[in-house]
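# Structure at a glance
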Amino acid sequence: MYVILLGPPGAGKGTQAANISKTFALAHVASGELFREAMSSGSELGLQAKSFVDRGELVPDELTIKLVMSRLEKPDCEFGCLLDGFPRTTGQAEALDSGFAAENKKVDKVLFIKVSDEELLRRLSGRWICKSCQTPYHMVSSPPKEAGRCDKCGGELYQRSDDTPETARNRLGVYFRETAPLISYYHNQGKLVELNGDKSIDEVGVDLIGALR
Ligand code: ADP
Ligand code: ADP
Ligand code: ZN
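Residues numbered from 1 in each chain as written. Chains lettered and ligands numbered in written order. Predicted model: local features only at pLDDT ≥ 70, side-chain atom pairs only at ≥ 80, totals over all residues. Heavy atoms only, no water.

Listed as protein donors to the zinc ion (ligand 3) are C130 (SG), C133 (SG), C150 (SG) and C153 (SG); their distances from the metal cover 2.3 to 2.4 Å. Around the zinc ion (ligand 3), the four donor atoms sit at angles spanning 98 to 116 degrees, and that spread fits a shape best called tetrahedral. Donor residues for the zinc ion (ligand 3) sit on one chain with the sequence pattern C-x2-C-x16-C-x2-C. In this pair, C133 is assigned in the loop between β5 (127–130) and β6 (136–138) and C153 in the loop between β6 and β7 (157–158), connecting sequence segments 20 residues apart. (Donors = N, O, S within 2.8 Å, 3.2 Å for Na, K, Ca; no water. Tetrahedral: all angles 85-135°; square planar, octahedral: opposite > 155°, others 65-115°. Helix = DSSP H or I, 4+ residues; strand = E, 2+ residues; numbered from the N terminus.)

Printed below as a string of structure tokens:
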């Protein structure tokens, strides 16, 4: 089963992905994490992506498609995966469709997590991420048991440099311009399920699992 988590920055895609991928035994493929890994390793691709990520712009399709499609060729994605943060443009969605079609695969379902703008900015400004396992926390709505430490792996928590109010607002604009058109793209394919992401983490989790059963 190939599932896409679609939604604005801060919608809760990363938060919910852990639970979904465990429940359905799906590999979690998060494009933002792939870029952050590439940037911290100092690879050529990481260097090329950095200026876009830092400004809250999308990395150009050509680079992004290459990165994610090669990740999808790994054995853990052979029978399915959970895509988080990809596709984010119509060009990426079309590349995914045609790449899958060539291998007799398809996107099965697209879960669209809808959240109000004020709530998104609140979430992004209070987000802390584990340096080792990338689990997201929130100062207010989802704090770790011990300040600054990941509950799951004990890793150190940090705030992403692109979660500043200014960059976050820019990312929301980019989302509405470039990514929101995918809502009708997948609706027209009959694959879209829309969920209310303003609810609590647990409630959204129950709704998402229900939508996949
Ligand atoms: P968030 O979790 O806040 O939605 P991500 O971690 O998914 O953010 O992405 C962080 C940054 O990485 C984006 O702002 C963008 O610069 C880059 N990025 C991630 N996924 C994509 C994509 N599919 N296309 C282009 N750029 C991407
Ligand atoms: P995305 O991957 O879509 O950008 P994240 O999963 O990183 O979003 O969540 C953004 C922030 O909001 C994190 O700090 C997370 O702890 C918090 N968060 C996620 N879901 C909820 C929710 N339903 N209610 C309140 N806070 C949430
Ligand atoms: Zn961790």
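What follows covers the environment of K191. Considering the arrangement of structural elements, one finds K191 in the loop between α8 (181–188) and β8 (192–196). Since its relative accessible area comes to 16%, K191 is described here as buried. Taking the C-alpha atoms as reference points, K191 and D108, 83 residues apart in sequence, are found 6.7 Å from one another. In contact with K191, not counting residues within four places along its chain, are V107, D108, K109, V110 and Y186. (Buried < 20%, exposed > 50% of the residue type's maximum accessible area, 1.4 Å probe, protein only. Contact = heavy atoms within 4.5 Å.)

Evaluation of the coordinates by the stated rule reveals three aromatic pairs. Plain terms: the ring middles of Y175 and F176 are 5.1 Å apart, the flat faces sit at 75 degrees to each other, and that makes the pair edge-to-face. Of the residues examined, F176 reaches a relative accessible area of 44% and is grouped as partly exposed. Centroid distance Y185 to Y186: 4.9 Å. Interplanar angle 85 degrees. Geometry classified as edge-to-face. Summarising the burial analysis for this pair, Y185 and Y186 share the class buried. (Phe/Tyr/Trp six-rings, centres within 6.5 Å; stacked < 30°, edge-to-face > 60°.)

It is worth stressing that arrangement in space is one thing and function is another; only the former is reported here.
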